[in-house]
Amino acid sequence: MSRFNHHGEQKIETDQPQPQSWLSRAYAPTHHIWKSSISWRITMAVFLTLLLVETMVLIFTVPSYEKEQLAGLQEISRSALAFSLADIKGQDSDPLTEKGFAKLKNNSQIEGVVIYTVGNEPKWRYGDQELFLSLASGKEIPANYRWHNNEHYEVAYLSADLGHPYNIVAKINAKAVESRVVGYIRQNLWILLFMSGFVTSVLMLVLSMWLLEPMILLRNNLLSAARNPEKPNIQNLKKELHDEIGMAIRIANDLIRQNASSLKRLRVQAEDKIHKLAYFDSLTGLPNRVYFLEQLEELIKNKALAAGESLAVLSVDIDHFKDINDTMGHEIGDKLLEAIGKRLVKSLPDNAVIARASADEFMVMSLLKPDHPGSAVLAENIFGAMAEPVSILQESFQVRVSIGVSNYPTDGLEARQILKNADIALNRAKEEGRDTVRYYSQAFDDAVHHRFQILRDLRNAMNQKELHLHYHPQFDLKTGAIVGAEALLRWWHPDNSKEGGKFIPPIEFIPVAEQAGLIVPIGEYVLRTACETNKAWQKKGLPPFRMAVNISGVQFHRGDIVGLVDTVLKETGLDPHWLELEVTESVFMENMQAAIDILHRLHQLGVELAIDDFGTGYSSLSYLRQFPIDRLKVDQSFIRNALINVDDKMITRTIITLGHSLDLKVIAEGVETVEHETFLKELNCDEVQGFKYTRPIPADKFWDFAVEYNRVLAKNNSKLASI
Ligand code: C2E
Ligand code: MG
Ligand code: MG
């Protein structure tokens, strides 16, 4: 395209009039004429027509010219003859005599004479005797006769013409007439050629001036418009023509100009639209991430900040927007985003740039003057703007947002870095319970890097068989019997250290595995191994007990947990009754109804269900009744602090009472001391799990522990029985 334009423009330049002398200007048009086929055609047509007309004229005039010449010759010969003839006295006397004829021949073109009597009897012959014409009686007298070689001409003069009493036939040399006719033709041909040439040249000039030059100009203008429609190089005639061609040029130029301006307008509109599409979000009308980033880059590049000024970049994410979108529909979701966009604009300073960066994430950039109280105020404004519920189609939504803040230049010198850091801070805010603001710090970044490292290592760990299970026993508080074991994942990650590696705590790698979806295959491994182990222990003669397996929310909503449990139970042959699945309250957050359905289907398989870390999350008591669960697992934090903190003591008591009122068993984890155990016994808690009894241990150690524990328990029981 550009090559075409480039060429086009160059070519047009050569067509443009260069500064010329008056002489060359005067003849300027003619230099085109030799190249113009139309002028050639017109000129040739005119030239040939002229030639034809003049040839016709010549054809018609040559015979009359010749006739005229012959008549002249005839007349001259007649006078010469008349002058030479003598009147004859007697009938037989010679009117001319040989001498007279010789004189006549000398003075005229006559070469032979036959003299007839008035009665047309040939009487005397002179000179060339071979005459064609004859006046002899009985013959018709032709007017005259020319020899076929055109050199001779025979004329009959009657006595009346001559003024003498004879009729005469004279043979006249007509050579001169012929050459005169040829001369006449030649002269006429020259005139003809000259005239045609002259007329043609004049025509060429006229054509060139009034037709060709305007046409070339028109052609060039059209060509220029075709090559560069938006910026055509339109030329006008030096002198305007008030004829059809002049009008055609004006119309064409007007059209070209109109076309150029509408093309320009269309291009501007299209560019505008492209700009809007590329830089603006059609839903909220706010700029998008690309625009935001470019603005930030520009500000940084242009060193637009004065001393002491800084830029606050806030990443604002709507908490649980996906849930609203999924449950209420996209229409409501869209309206909500629109409303939030408007609130943000209203709540922030005029100079702030507010963009919609992704589905439910907004970005804010605001200049902080040296005296500005800081980005915390901006975050406060945003929280303030979200305080009032948003009403959409008679529904009201309490919007909560998480905010991550990063600052230029303190948190980065490059736009992308600052944006990334705001996102890192946002993730922190989300991880730490949402509805809050976090300010970027280097430590966050380190944590992010650490997580990435863990993710890379975890992928390897699966293949390298670095993941194992430890088991933590659970006891009946009344009988002291082992009633269960919780399978807990352990990752021994080999490294170059003295120890040859280290355990990476589940709290570090499980959230990463959940985020990357790796928890699905890992969870499958845990479930299968735990069931196999439990079955093996039973086969080896341990009194049967439950195997508790932790199931992550991700497995619940992304994997086919029901199908998996069913398969694993069938494959390992473990009675479903001896498997318990522990889920945390968070699985109900994503999609409550779906979670309840899955729990029901799992329960139908015959497995037991427990809610882990109960009391720490968000539980709706009204829903709790609908959950098909068997056990509440009081979070270890309450037990740990129950003896020193009244609130935790109260909560523990409440959970136990609540569980019992719902006909559920209650198990307490984190039992580390006898005091903990005694306290729980007092509260009538059903089961316990904790370091007081043992730490989580590998399968073989667990076997030894269980055998020994049962032996001691049996011994004590028998002692008790014997008392
Ligand atoms: P959790 O399910 O609540 O597991 C109980 C955690 O409490 C275990 O930590 C256990 O070692 C610890 N614990 C039990 N008794 C005591 C005690 O008396 N004192 C103290 N200080 N801690 C005690 P662990 O093994 O580090 O596991 C942490 C969390 O990681 C688990 O919490 C669970 O949420 C998750 N997790 C572990 N294994 C798996 C797994 O296979 N799948 C899933 N999805 N999550 C797992
Ligand atoms: Mg657990
Ligand atoms: Mg727990």
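In what follows, the structure referred to is the one given above.
Residues numbered from 1 in each chain as written. Chains lettered and ligands numbered in written order. Predicted model: local features only at pLDDT ≥ 70, side-chain atom pairs only at ≥ 80, totals over all residues. Heavy atoms only, no water.

Caption draft 1: Main features of unusual backbone geometry. Y408 connects to P409 through a cis peptide bond whose omega is 5 degrees. Along the chain, P409 turns up in the loop between β11 (401–408) and α13 (415–431). One non-glycine residue with positive phi stands out, namely T97, at about 65 degrees. Among the structural elements, T97 can be located in helix α5 (residues 97–107). (Helix = DSSP H or I, 4+ residues; strand = E, 2+ residues; numbered from the N terminus.)

Caption draft 2: Inspection of the packing of helix α11 (residues 330–347) against helix α12 (residues 375–386) at higher detail. For the pair α11 and α12, interaxial distance at closest approach is 9 Å and the crossing angle is 135 degrees. Taken together, the axes of α11 and α12 lie oblique to each other. As α11 runs across α12, the sense of the crossing is right-handed. Counted together, I340, R343, L344 and S347 of α11 and N381, I382, A385 and M386 of α12 form the full contact between these two elements. (Axes fitted to C-alpha atoms, helices over the stretch in contact; angles between N-to-C directions. Parallel < 35°, antiparallel > 145°, perpendicular 65-115°, else oblique. Left-handed = near helix turned anticlockwise from the far one by under 90°. Contact = heavy atoms within 4.5 Å.)

Caption draft 3: Local environment of the nonpolar core. In this structure, V549, F556, L579, L581 and L680 are the most contacted members of the largest nonpolar core, which totals 80 residues. Of the residues forming this core, the biggest block, seven residues, is contributed by helix α16 (residues 519–540). Setting aside anything within four residues of it in sequence, one finds L581 in contact with L527, V549, I551, V565, L602, V607, E608, L609 and A610. Residues I332, L344, L348 and I403 belong to the second largest nonpolar core, which totals 32 residues. (Core = buried A, V, L, I, M, F, W, Y, C linked by side-chain atoms within 4.5 Å. Buried < 20%, exposed > 50% of the residue type's maximum accessible area, 1.4 Å probe, protein only.)

Caption draft 4: Looking closely at the pattern of salt bridges. Overall, the coordinates contain 31 salt bridges when judged by the stated rule. A salt bridge links R631 to E687; the nearest nitrogen and oxygen atoms lie 2.9 Å apart. Placement of the pair is R631 in strand β19 (residues 631–634) and E687 in strand β21 (residues 687–689), with a sequence separation of 56 residues. Across this residue pair, the class does not change: R631 and E687 are buried. Taken together, the shared-partner salt bridges connect R428, E431, E432, R438 and R451 into one network. (Salt bridge = Lys/Arg side-chain N within 4 Å of Asp/Glu carboxyl O.)

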